[in-house]
Every structure is written in structure tokens, then in C-alpha cells.
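# Coordinate inspection notes
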Amino acid sequence: MAKKRTTKLDRPSWNDYFLSIAGLVSTRSTCLRRRVGAVLVRDKKILATGYNGAPSKVRHCSQTGCIRIKLNIPSGQRHELCRGLHAEQNAFLQAALHGTSLKGSSLYCTTQPCIICAKMIINAGITDIVIKGDYPDKLSKELLKEAGVKVMVVK
């Protein structure tokens with residue numbers, strides 16, 4: 001008769017697992033200032049991923065230079081002055097292209113979403129966010145809290 005294995009495997013928590021995937025996704029970023037990755041999940045299944053960078057068919061900032069660096073724009077301000085999309089936005093667009101609803105899903109992201117992404121998160125029906133790093137956007141935090149979107153910071 002075969003003996004049962006009693007060795008306990010060292011496995012990451014679901015939060016650590018999906019945040020690790022978000023970290024890997026961020027390595028595809030074309031941003032010169034900050035590499036961000038996002039993973040959308042429902043029922044422990046990945047719905048979509050995204051990283052920050054220039055839109056498809058548009059030159060990357062590594063080719064054109066960063067307008068935000070040239071204009072000395074601080075992080076968290078003047079989001080419209082950038083060639084790139086945020087990781088969260090690219091994940092939302094990927095889900096939309098494939099007809100995937102985000103209602104009731106969770107967002108795993110390497111940094112806290114900005115105010116623009118926070119408004120999209122709220123209207124997409126995303127219920128909670130797990131993030132690894134902070135971002136200097138107080139209004140984003142306030143709106144997410146007001147809308148009842150749970151935010152968990154994992155160190």
C-alpha cells in the first residue's frame with residue numbers, strides 16, 4: 001500500500017500569486033519612469049492583464065523620449081501629458097476587446113491606481129484592489145473608499 005505524502009508545500013497566498021504575476025506583466029512596460037503591471041481576476045481566474053506604455057502602432061517613449069521627464073511633471077499630476085496608457089487601462093481594454101465583463105472582479109496592481117483609473121474601476125464594477133505600492137493620489141483613495149471598493153496594500 002502506498003504511503004501518503006505528509007510534506008507540506010510552500011505555496012504563495014492568492015494575493016502574493018496574482019501580485020507576482022502583475023510584477024511579471026510590468027516587465028513588458030515601455031514607460032521610462034515607472035513600470036506598472038495589472039491583473040484582473042474573478043474566482044481565482046485571470047480575466048485580463050495590462051502594462052503601462054504607448055498604444056499599439058505608436059512609437060514607444062524609448063524611441064521618442066518621455067514628455068513628462070522633458071516637462072519635469074511630478075508623478076501623480078497631469079496624466080493627460082503622456083503618450084502611454086496606464087496598466088489598468090490596458091487591462092480594461094483587453095477585457096473589452098474579448099467581451100469580458102469586469103463586474104465583481106478584483107484588480108491586482110503593482111501600484112495604487114490614479115484618479116482616472118479609480119473612476120474606471122468604480123464604473124467597471126471592480127470590487128476590490130490589491131496593490132504592492134503606493135501612489136501620490138489622495139483623491140483616488142477618497143473616491144475608491146466612497147464607492148466601497150476595498151483596497152489592500154500588501155508589502
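For the structure, see preceding data.
Anyway, here's the lowdown on the structure attached to this text.

This part takes up the pairing of strand β1 (residues 37-42). Each regular strand shows side chains that alternate between the opposite faces of the sheet. With 5 of 6 residues buried, β1 lies mostly within the body of the structure. In terms of strand pairing, β1 meets strand β2 (residues 45-51) through 6 bridges, oriented antiparallel. Across the sheet, R42 pairs through a bridge with K45, a residue of β2.

The tally for this structure, following the rule as stated, stands at 4 aromatic pairs. Taken together, a centroid distance of 5.0 Å and an interplanar angle of 65° make the contact between Y17 and F18 edge-to-face. Since its relative accessible area comes to 2%, F18 is described here as buried. Between F18 and Y108, the ring centres sit 5.1 Å apart and the planes meet at 45°, which makes this aromatic pair tilted. In this pair, F18 sits in helix α1 (residues 14-26) while Y108 sits in strand β3 (residues 106-109), placing the two residues 90 residues apart along the sequence.

Calculation notes
Residues numbered from 1 in each chain as written. Predicted model: local features only at pLDDT ≥ 70, side-chain atom pairs only at ≥ 80, totals over all residues. Heavy atoms only, no water. Buried < 20%, exposed > 50% of the residue type's maximum accessible area, 1.4 Å probe, protein only. Helix = DSSP H or I, 4+ residues; strand = E, 2+ residues; numbered from the N terminus. Pairing = 2+ DSSP bridges. Phe/Tyr/Trp six-rings, centres within 6.5 Å; stacked < 30°, edge-to-face > 60°.

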